[in-house]
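Per-entry structural report
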Amino acid sequence: MRADFHIHTRVSPDSSLSPEALIRACQREGIDAIAVTDHHTIEGALAVREIAPFPVIIGAELRAAEGEIIGLFLESDIPRGLSARETVKRIKDQGGIVQIPHPFDRFRRKHITLSALHDILPDVDIIEAFNARTTLKRDIMRGVDFIREFGEEHGILHVGVTDAHTAREIGNAYTDLPSFEGREDFLDVLRHASIHGRRTTPLIHVATRWTALTKKLRRRRQPHA
């Protein structure tokens, strides 16, 4: 099956992608399973799972004090601003899986610091070896080299994701893996996965910032109760 484990919906402040449009895009591109990972909340993932005809992993992209960390198979929201170590603990306490997004992308100020990554490495399950929104190929290769150096020692697996905020990004990257029945065998089948993908145009970041700005202005114009 083809899966994408890092997608945002309109619940995120920088996306306007509706659950319905996301599902249509996945069906168009032959994506068989997804993780919805909106910023700081599982609300979007729950909404997509409610209507999706394929498996949807409940996730969130969490802003820890030292940078972003994704939790998969979550059951409830986790506060932002906690330390990386505490964020990981909160994910694990829910029986969740820890995924590190875009770890070495120099143009994303929110990526986790190298020192924090080393600190939580024993509890990291997955690192994004390919994130379609990473602009520079050498930043992608830094992540690949990191996985080669530390992945086997710590049992870290790797995935390819779109980090999509728009429908047109769906299909730019995916992880090809055997079918799985939930969290129980997810990491086992991921050991047999392969990554496929192409980088999204850097202009997508302009579109994302524009979406965030227009949504912010719209909220300001709404009358207060």
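Residues numbered from 1 in each chain as written. Predicted model: local features only at pLDDT ≥ 70, side-chain atom pairs only at ≥ 80, totals over all residues. Heavy atoms only, no water.

Things to note about the overall build of the protein
- Scanning the protein from terminus to terminus reveals seven helices and nine strands.
- What you see for the protein is a C-alpha radius of gyration of 16 Å, in line with the 17 Å of a compact globule of 225 residues.
- Dimensions along the principal axes, computed over C-alpha positions, put the protein at roughly 55 × 35 × 35 Å.
- Here the protein holds 225 residues, and 55% of them are scored as buried.
- Carbon and sulfur atoms make up 50% of the accessible area of the protein, which totals about 10900 Å².
- Taken together, the 32 basic and 32 acidic charged side chains of the protein have centroids lying 10 Å from each other. (Helix = DSSP H or I, 4+ residues; strand = E, 2+ residues; numbered from the N terminus. Rg over C-alpha atoms; globule rule 2.2 N^0.38 Å. Buried < 20%, exposed > 50% of the residue type's maximum accessible area, 1.4 Å probe, protein only. Areas by Shrake-Rupley, 256 points an atom, 1.4 Å probe, with all protein chains shown as cover. Lys, Arg positive; Asp, Glu negative; His and termini not counted. Charge placed at Lys NZ, Arg CZ, Asp CG, Glu CD.)

A few points about the sheet that holds strand β2 (residues 33-39)
- Taken in spatial order, the nine strands make up an open sheet running β7-β6-β5-β4-β3-β2-β1-β8-β9, and their pairing is mixed. One side of each edge strand has no neighbouring strand; the edge strands of this open sheet are β7 (157-161) and β9 (194-197). Going across the sheet, the axis of each strand differs from the next one's by a mean of 30°, ignoring polarity.
- In this structure, β2 lies alongside strand β3 (residues 56-64), joined through six bridges in parallel fashion. Across the sheet, Ala35 pairs through a bridge with Ile57, a residue of β3.
- On top of the sheet, helix α2 (residues 43-51) reaches β2 and β3; it is set at about 170° to β3, its chief contact.
- Relative to the sheet, helix α5 (residues 137-154) contacts β6 (126-131) and β7, its axis offset from that of β6 by approximately 150°. (Pairing = 2+ DSSP bridges. Axes fitted to C-alpha atoms, helices over the stretch in contact; angles between N-to-C directions. Contact = heavy atoms within 4.5 Å.)

Focus: unusual backbone geometry
- Its identity as a non-glycine residue notwithstanding, His40 has a phi of 70°, on the positive side.
- Note on placement: His40 falls in the loop between β2 and α2.
- The class for His40 is buried, based on a relative accessible area of 19%.
- Although it is not a glycine, His102 adopts a positive phi angle of roughly 30°.

Let's talk about the side chain of Thr37
- In this fold, Thr37 is placed in strand β2.
- Classification of Thr37 by relative accessible area gives buried; the value is 0%.
- For Thr37, the contacting residues outside a window of four places in its chain are Phe5, His6, Ile7, His8, Gly59, Ala60, Glu61, Ile70 and Leu72.

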